[in-house]
Amino acid sequence: MTESDRKVLHGIRVVDLSRVLAGPYCGQLLADFGADVIKVEAPGGDENRAWPPIAPSGASANFNSVNRGKRSLVLDLKSAAARDVLQQLARSADVVIHSFLPDTAERLGISNAALRAANPRLVVATISGFGAEGPLAAQRGYDMMAQAFAGMMSVTGFPGGPPVRCGASAVDMATGIALYGGIVTALLQRVQTGQGTWVHGSLLETAISLMGHFNVGWMQAGVLPEPQGSGSSVIAPYQAFRCADGMILAGAPNDGAWVRFCDALECPELAADPRFQGNMARVERLADLLPLLEPRFAAKPAAYWLERLEARNVACGPIHTVDQVMTHPQIMATGMRLQVRDREGHASDVLGTPFKLAEGGGTATTAAPPLGADNDVLLREWLGCGEADIAALQSAGAFGAPA
């Protein structure tokens, strides 16, 4: 039994037509847990194959970050022959992932209704920018657009400054995780009903969910949140502080922690100050509190304060750069930095999955595929094509302009 045979999604066939980050990350998670994932691309490839940074191998690190464990099939969907191949693949698949707008999916013959009529057990998973219903359903969307529309940029940055995008593509990546959960839920439902279903996710719905207590706070309490800076509008103090040689994060998320926080900062009198009794009072008087705290932090190096705060079980931590965190032993211990190998045996570092099963089996070991590297083998395995069939498809322009 191979490693793939032991994984929980072994035997699940996935056709991944999605592009860039959200859908491909969902497909990568499915591959990590054993699904056979075909990445279907146009002859020019997914556009993020050309996005920087470019690794020494010549491949895009952006593309590599969300496409390991897959096999690549090039289809030129402008060709009727390619569209027929795609529809045949969907008939033998368990899951189809795509991010086409509804009219495009209809034109390609892969609307939800068409796919499930041909394969009632199929789980069709789609991603859109703004949702499947409503006045913006047909509008394209991207991570930054979702952050702007959903209000995320309005709470990011510092008061008085311009709206700021979250540096990471948080909406794209969270949408991929959400869609993975939706697909696995649908596959569990299929065990009970014998029928597939349509799972839909969108960048907007993910972003609205990520805004969480901000949105509920406005709906229930009428509080319009402001830019949060490095801290939080609901807990104080809890933010970045500048030390003599750099910055750290520190805070007191409850009253007991506030007493310990003050002890660590060698100012126990603040813990007894009636102006700052209770979190609500500290939130309301943060402008009075910070001038009392900031000079203390600035007087000593970061390591000094981290040692004192940690010794008193106060929430704190260094503010890392990517190179610092990705070489930290905790990252290695949690399996969040791993190696995969390409088809020539060359190793490259990738990120692990954000959740693990106790039995293991949560990361594909093969690197992202070269464009079209698996055309012939996939057509043989999935559709039973022979050499003559593949040659006929080539002549018909299924893989791009005929040679």
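Everything below is about the structure printed above this text.
Undergrad: Hey, could you go over the sheet that holds strand β4 (residues 95-98) for me, with residue numbers and the actual values?
TA: Read across the open sheet, the six strands follow the order β3-β2-β1-β4-β5-β6; overall the sheet is parallel. Only two strands of the sheet have a single neighbouring strand rather than two, namely β3 (71-74) and β6 (198-202). Within this sheet the neighbouring strands show an average axis-to-axis angle of 20 degrees, counted without direction. Here β4 runs beside strand β5 (residues 123-128); their pairing, made up of four bridges, is parallel. Directly across from I97, in β5, lies its bridge partner A125. Along the sheet face, helix α8 (residues 170-193) touches β4, β5 and β6 and points at about 160 degrees away from the line of β5. Those strands touched by helix α17 (residues 375-383) are β1 (13-16), β2 (36-41) and β3, and its axis lies near 95 degrees from that of β3.

Undergrad: Please set out the packing of aromatic side chains residue by residue, giving values where relevant.
TA: By the definition in use, this model includes nine aromatic pairs. Ring centres of F261 and F297 lie 6.1 Å apart, and the angle between their planes is 55 degrees; this geometry places the pair in the tilted category. Taken together, the residues F261 in helix α10 (residues 255-264) and F297 in helix α13 (residues 286-298) connect sequence positions 36 residues apart. Since its relative accessible area comes to 0%, F261 is described here as buried. A residue is classified by how much of its surface remains accessible, and F297, at 0% relative accessible area, is buried. One aromatic cluster is present, formed by F241, W258, F261, F297, Y304 and W305 through successive ring pairs. Of note, R13 hangs over the ring of W382, and the distance from its end group to the ring centre comes to 4.5 Å.

Undergrad: Requested: an account of helix α9 (residues 203-221), with residues and values cited.
TA: Relative to the 27 Å expected for 19 residues at 1.5 Å per residue, α9 spans 26 Å between its end C-alpha atoms, a close match to the ideal helical length. Of all the bends in α9, the largest measures some 80 degrees and sits at G212. Of all the positions in α9, only L203, L204, T206, A207, M211 and F214 are classed as buried. Just downstream of α9 lies G222, where phi reads positive at about 70 degrees.

Undergrad: Explain the pattern of salt bridges to me, using residue names and the numbers behind them.
TA: Counted according to the given criterion, the structure contains 16 salt bridges. For R19, the salt bridge goes to E47, with nearest N and O atoms at 2.7 Å. Residue R19 is found in the loop between β1 and α2 (22-32), and its partner E47 is found in the loop between β2 and α3 (61-64); the two are separated by 28 residues along the sequence. For R19, a relative accessible area of 38% translates into the label partly exposed. On the basis of relative accessible area, E47 is assigned to the partly exposed category, the value being 31%. E269 serves as the salt-bridge partner of R296, at 3.7 Å between the closest nitrogen and oxygen. Taken together, the residues R296 in helix α13 and E269 in helix α11 (residues 268-272) connect sequence positions 27 residues apart. Assessed through its relative accessible area of 29%, R296 is described here as partly exposed. Where salt bridges share partners, they join D36, R71 and E381 into one cluster.

Undergrad: I'd love a proper account of the side chain of N67, names of residues and values included.
TA: On the secondary structure map, N67 appears in the loop between α3 and β3. Judged by its relative accessible area of 0%, N67 falls in the buried class. For N67, the side chain forms a polar contact with the side chain of K39, separated by 3.4 Å. Not counting residues within four places of it along the chain, the set of residues in contact with N67 comprises P24, Q28, K39, A368 and P369.

Cut-offs used in this document
- Residues numbered from 1 in each chain as written.
- Predicted model: local features only at pLDDT ≥ 70, side-chain atom pairs only at ≥ 80, totals over all residues.
- Heavy atoms only, no water.
- Pairing = 2+ DSSP bridges.
- Helix = DSSP H or I, 4+ residues; strand = E, 2+ residues; numbered from the N terminus.
- Axes fitted to C-alpha atoms, helices over the stretch in contact; angles between N-to-C directions.
- Contact = heavy atoms within 4.5 Å.
- Phe/Tyr/Trp six-rings, centres within 6.5 Å; stacked < 30°, edge-to-face > 60°.
- Buried < 20%, exposed > 50% of the residue type's maximum accessible area, 1.4 Å probe, protein only.
- Lys NZ or Arg CZ within 6 Å of the ring centre and 35° of its normal.
- Expected span 1.5 Å × (residues − 1).
- Bend = angle between axes of the 7 residues up to and from the residue.
- Salt bridge = Lys/Arg side-chain N within 4 Å of Asp/Glu carboxyl O.
- Polar contact = N/O pair within 3.5 Å; in protein donor to acceptor, adjacent residues only side chain to side chain.

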